[in-house]
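Residue-level structural notes
Each chain, written out:
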Number of protein chains: 2
Amino acid sequence: MVAMNFADQLYRRVLELRNPCLVGLDPHLAMLPKEFEAVHGDSATRAEVAANVVQFFKGVIEATADLVPAVKPQSAFFEALGVAGVEAWEEVVKMSHQAGLLVIGDVKRGDIGSTAAAYATAFLTGMRGTDPETLCDCITINPYLGSDSIDPFIKACKESGKGLYVLVRTSNPGSHEFQLKGEPTLSELVADAVNRWGKGLIGESGYSSVGAVVGATHPTDLAALRQRMPKVPFLIPGYGAQGGGAKELTPAFGAHFAGGLVNSSRGILYPKAKPGQHWKDAVREAALTMIEEFRALDLKPVS
Amino acid sequence: MVAMNFADQLYRRVLELRNPCLVGLDPHLAMLPKEFEAVHGDSATRAEVAANVVQFFKGVIEATADLVPAVKPQSAFFEALGVAGVEAWEEVVKMSHQAGLLVIGDVKRGDIGSTAAAYATAFLTGMRGTDPETLCDCITINPYLGSDSIDPFIKACKESGKGLYVLVRTSNPGSHEFQLKGEPTLSELVADAVNRWGKGLIGESGYSSVGAVVGATHPTDLAALRQRMPKVPFLIPGYGAQGGGAKELTPAFGAHFAGGLVNSSRGILYPKAKPGQHWKDAVREAALTMIEEFRALDLKPVS
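Conventions we followed
Residues numbered from 1 in each chain as written. Chains lettered and ligands numbered in written order. Predicted model: local features only at pLDDT ≥ 70, side-chain atom pairs only at ≥ 80, totals over all residues. Helix = DSSP H or I, 4+ residues; strand = E, 2+ residues; numbered from the N terminus. Rg over C-alpha atoms; globule rule 2.2 N^0.38 Å. Buried ≥ 20, exposed ≤ 12 C-beta atoms within 10 Å, placed from the backbone. Contact = placed C-beta atoms within 7 Å. Nonpolar A, V, L, I, M, F, W, Y, C, P; charged D, E, K, R; others polar. Axes fitted to C-alpha atoms, helices over the stretch in contact; angles between N-to-C directions. Parallel < 35°, antiparallel > 145°, perpendicular 65-115°, else oblique. Left-handed = near helix turned anticlockwise from the far one by under 90°. pLDDT = per-residue confidence, 0-100. Expected span 1.5 Å × (residues − 1). Arc of directions from axis to C-beta. Core = buried A, V, L, I, M, F, W, Y, C linked by C-beta atoms within 7 Å. Pairing = 2+ DSSP bridges. Right-handed = clockwise from strand over helix to strand, strands pointing away. Least-squares fit on C-alpha atoms with pLDDT ≥ 70 in both.

The helix and strand inventory of chain A stands at 13 helices and eight strands. Relative to the globule expectation of 19 Å for 303 residues, the C-alpha radius of gyration of chain A, 18 Å, shows essentially globular dimensions. When the backbone C-alpha atoms are referred to their principal axes, chain A occupies close to 50 × 45 × 40 Å. Counting across all 303 residues of chain A, residues that qualify as buried make up 58%.

In structure tokens form, the structure reads like this:
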């Protein structure tokens with residue numbers, strides 16, 4: 001049996017919780033609270049550091065799981081910890097699911113044919129012996145290699161009900177270098193392809209399970225790309241730490257909140273705690289502040 | 001102390017062994033020899049399957065390490081096995097180094113800022129507690145996000161002496177979809193960027209440690225891209241299984257063999273053994289056949 005379409009699951013969670021906020025789980029070791037001694041010391045093993053990372057995210061999940069629809073663990077930071085890091089990744093994904101969160105694996109994979117299929121197995125569908133709770137509901141992927149590199153991921157989504165966010169217009173300052181070249185631009189070509197790739201994966205909500213990554217740092221492009229991809233959910237990085245604010249993002253959502261998830265990593269994970277405040281309370285407060293900023297926008301709560 | 005520049009290490013190995021052949025380590029489970037029972041059964045755990053994969057590649061490395069300059073493990077297939085797969089990846093990288101092989105990690109990563117730096121840590125430079133023999137000498141990366149996403153990898157290479165291969169023109173049938181769009185094309189823009197990115201990493205051999213992935217399936221483009229990137233070592237997938245033969249690849253090399261590494265995965269790993277022949281002998285024979293095909297080309301052995 002295929003689970004509910006990812007886009008529909010996300011739609012329901014966003015409307016229930018009345019916000020489009022996504023907590024990015026990026027374990028920047030140097031920024032973790034002081035109580036995590038292994039990450040701040042010089043003598044801990046990678047396994048001890050990884051155990052600290054799991055404990056930290058356990059606290060973050062406890063502080064935010066009733067507030068936001070989804071989390072987005074960033075694979076690179078886990079992979080840097082080697083085998084222990086991948087174990088920590090699986091634990092964090094599992095804890096997130098058990099807390100009722102959707103999990104978007106930020107892995108930005110991309111490869112051809114059977115290799116792309118293996119990445120889909122790794123993160124979306126699993127194999128014999130995989131604990132389904134350690135799999136993601138959705139992952140980010142890179143389109144550079146073309147449609148035949150995306151097909152195996154689409155096939156995995158059709159079989160499993162899971163989703164994808166394709167890099168279209170990234171939030172970094174240098175993203176224009178290739179993404180805005182050509183006429184139509186590379187981003188526009190990829191956007192048109194995202195429409196095609198998602199055609200067979202449109203849910204009851206009207207949204208497709210093939211989404212697009214579009215950076216908060218390019219408000220004009222957000223509006224144009226929203227028009228170009230009307231049924232495509234956006235994943236919007238670059239809010240807060242990288243510059244863009246809530247108001248500038250209004251054109252990205254389309255009809256209502258469910259049109260886009262806005263990621264915040266450092267802003268929620270590593271806020272400055274008030275004197276005497278526990279770091280978990282500071283995390284919750286930071287999440288609530290972001291949520292209120294988006295609830296204050298004049299967007300229809302339901303289509 | 002910085003190790004020898006990757007391009008120089010590769011140059012030396014290619015000239016010593018008089019061939020540009022690269023063995024791609026892609027564990028397609030269904031294609032492994034019959035003696036690996038866990039991968040063919042229905043009841044093995046992922047750890048048992050991963051142990052089979054390690055044993056298989058141990059045999060492949062024994063059969064080929066004295067013949068070829070380098071191996072290219074493909075991360076996706078290991079990641080599909082979860083934590084046990086990442087353990088197997090580290091073992092295979094370590095065994096390859098101990099056998100004297102250079103290791104090109106085919107990971108196709110790409111992300112921004114601190115995330116790209118974390119991927120460089122994961123695969124090239126390591127952190128406290130990383131066994132240096134489990135790190136790669138070089139990895140493949142994806143340029144879609146632009147120069148600021150490549151900078152952290154370049155920085156890691158400057159510090160460690162390691163190398164990169166950037167996806168320029170991939171071997172898959174759909175690679176034209178984005179890579180040949182625009183004027184100049186996306187591939188040409190990325191090729192020009194590869195020249196820039198490698199400027200500070202040119203070794204005594206005259207080659208840069210920032211290489212380019214250019215598919216064997218596009219002989220005309222190989223020649224044009226060789227002219228466009230004279231100091232850039234090529235990684236050439238798509239030989240054999242995907243179509244291109246040795247002769248068509250001559251224009252890719254430039255002055256001599258050290259200008260390009262030609263990958264073969266299935267052709268070497270899974271040859272049809274003759275009656276009574278051990279699979280390891282069939283693997284060695286397949287490697288020797290490929291090597292002879294390239295030695296027969298009319299290329300200068302030394303510049």
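Attention now moves to the interface of chain A and chain B. Contact residues are listed per partner, giving 48 residues for chain A and 48 residues for chain B. Here the side of chain A that touches chain B is built from residues that sort into 19 nonpolar, 20 polar and nine charged.

All names here are of chain A. With an omega of 0°, the peptide bond running from Glu 183 to Pro 184 counts as cis. As for its placement among the helices and strands, Pro 184 is situated in the loop between α8 (176–179) and α9 (186–197). Positive phi outside glycine occurs at Arg 18, with the angle close to 50°. For Arg 18, a count of 13 C-beta atoms within 10 Å translates into the label partly exposed.

Residue and element names in this part refer to chain B. In contact at an axis separation of 9 Å, helix α3 (residues 46–64) and helix α5 (residues 82–98) are set at 15° when each is read in the N-to-C sense. Between α3 and α5, the interaxial angle falls into the category roughly parallel. Both α3 and α5 take part in a crossing whose hand is right-handed. Between α3, through Arg 46, Ala 47, Ala 50, Val 53, Val 54, Phe 57, Lys 58 and Ile 61, and α5, the contact on the second element is made entirely by Gly 82, Ala 84, Gly 85, Glu 87, Ala 88, Glu 91, Val 92, Met 95 and Ser 96.

What follows deals with the confidence of the model for chain A. On average, chain A scores 94 in pLDDT, and the residues at 70 or more come to 95%. Among the scores for the predicted complex, ipTM is 0.96 and pTM is 0.97.

Before going further, it helps to examine helix α9 (residues 186–197) of chain B. Residue and element names in this part refer to chain B. The end-to-end C-alpha distance of α9 is 16 Å, a good match for the 16 Å that twelve residues give at a rise of 1.5 Å each. Turning to α9, its buried residues are Leu 186, Ser 187, Val 190, Ala 191, Val 194 and Trp 197. Looking straight down α9, one finds that the buried residues subtend no more than 135° of arc, so they occupy a single side.

As a further point, take the nonpolar core. Counting residues in hydrophobic clusters, the biggest one holds 206 residues, and the most contacted among them are Val166(A), Ala212(A), Val166(B) and Ala212(B). Among all residues touching Ala212(A), those that are not within four sequence positions of it are Tyr165(A), Val166(A), Val168(A), Ala191(A), Val194(A), Leu225(A), Met229(A), Val232(A) and Phe234(A).

Turning our attention to the pairing of strand β5 (residues 163–169) of chain A. All names here are of chain A. Along β5, seven of the seven residues are buried, which leaves the element largely enclosed by surrounding structure. Two strands pair when backbone bridges link them, and strand β4 (residues 138–141) and β5 are joined in this way by four bridges, in the parallel orientation. The residue of β5 that forms the bridge with Ile 141 is Val 166. Regarding topology, helix α7 (residues 147–160) serves as the crossover connection from β4 to the parallel β5, and that connection is right-handed.

By a simple turn and slide, chain A fits onto chain B: the slide is 0.0 Å along the axis, the RMSD is 0.0 Å, and the turn is 180°. Such values leave the two copies arranged in the relation of a two-fold axis. Nearest to the rotation axis, the C-alpha of Gly182(A) is located 2.2 Å from it, this being the minimum over chain A. With an isologous cut-off of 70% or more, the 100% of interface residues of chain A that recur at the interface of chain B puts this contact in the isologous class.

Residue and element names in this part refer to chain B. In space, the eight strands of this closed barrel follow the order β1-β2-β3-β4-β5-β6-β7-β8, with parallel pairing throughout. If you compare each strand with its neighbour and ignore which way they point, the axes differ by 30° on average. Note that strand β3 (residues 102–109) and strand β4 (residues 138–141) share three bridges and pair parallel. Paired with Gly 105 across the strands is Ile 139, a residue of β4. Where helix α1 (residues 6–17) meets the sheet, its contacts fall on β2 (70–73), β3, β4 and β5 (163–169), and the angle it forms with β3 comes to roughly 130°.

With that settled, consider the sheet that holds strand β7 (residues 234–236) of chain A. All names here are of chain A. Taken in spatial order, the eight strands close into a barrel running β1-β2-β3-β4-β5-β6-β7-β8, and their pairing is parallel. Direction aside, the axes of adjacent strands within the sheet are offset by 30° on average. Pairing analysis gives two bridges linking strand β6 (residues 210–214) to β7, with the strands arranged parallel. By the bridge assignment for β7, Val 213 is matched with Leu 235. Set on the sheet, helix α5 (residues 82–98) makes contact with β1 (21–25), β2 (70–73) and β3 (102–109); between it and β2 the angle comes to about 175°.

Now for the environment of Thr140(A). All names here are of chain A. Turning to its location among the elements, Thr 140 is positioned in strand β4. The sequence separation of Thr 140 and Thr 217 amounts to 77 residues, and the corresponding C-alpha distance is 18 Å. Here Thr 140 is in contact with Asp 106, Val 107, Lys 108, Tyr 165, Leu 167 and Val 213, once residues within four sequence places are set aside.

So, on to the pairing of β1(A). A regular strand places its side chains on the two faces of the sheet in alternate fashion. Residue and element names in this part refer to chain A. In terms of residue burial, β1 counts as a mostly covered element, since five of its five residues are buried. Side chains Cys 21, Val 23 and Leu 25 project from β1 onto one buried face, and the interleaved Leu 22 and Gly 24 project onto a second face that is buried too. Two strands pair when backbone bridges link them, and β1 and strand β8 (residues 260–264) are joined in this way by three bridges, in the parallel orientation. Bridge pairing in β8 links Val 23 to Ser 264. With four bridges joining them, β1 and β2 adopt parallel strand pairing. The partner of Gly 24 across the bridge, within β2, is Lys 72.

Let us now look at the environment of Arg169(B). Residues and elements named next belong to chain B. Within the element layout of this structure, Arg 169 appears in strand β5. The spacing of Arg 169 and Ala 246 is 77 residues in sequence and 18 Å in space, taken between C-alpha atoms. Dropping the residues within four chain positions of it, Arg 169 is found in contact with Ser 175, Gln 179, Ser 187, Val 214, Gly 215, His 218, Asp 221 and Leu 225.

It is worth spelling out α5(A) at this point. The terminal C-alpha atoms of α5(A), which comprises 17 residues, lie 25 Å apart, in line with the 24 Å expected from a rise of 1.5 Å per residue. Just past α5(A), the residue Gly100(A) takes up positive phi, approximately 90°.

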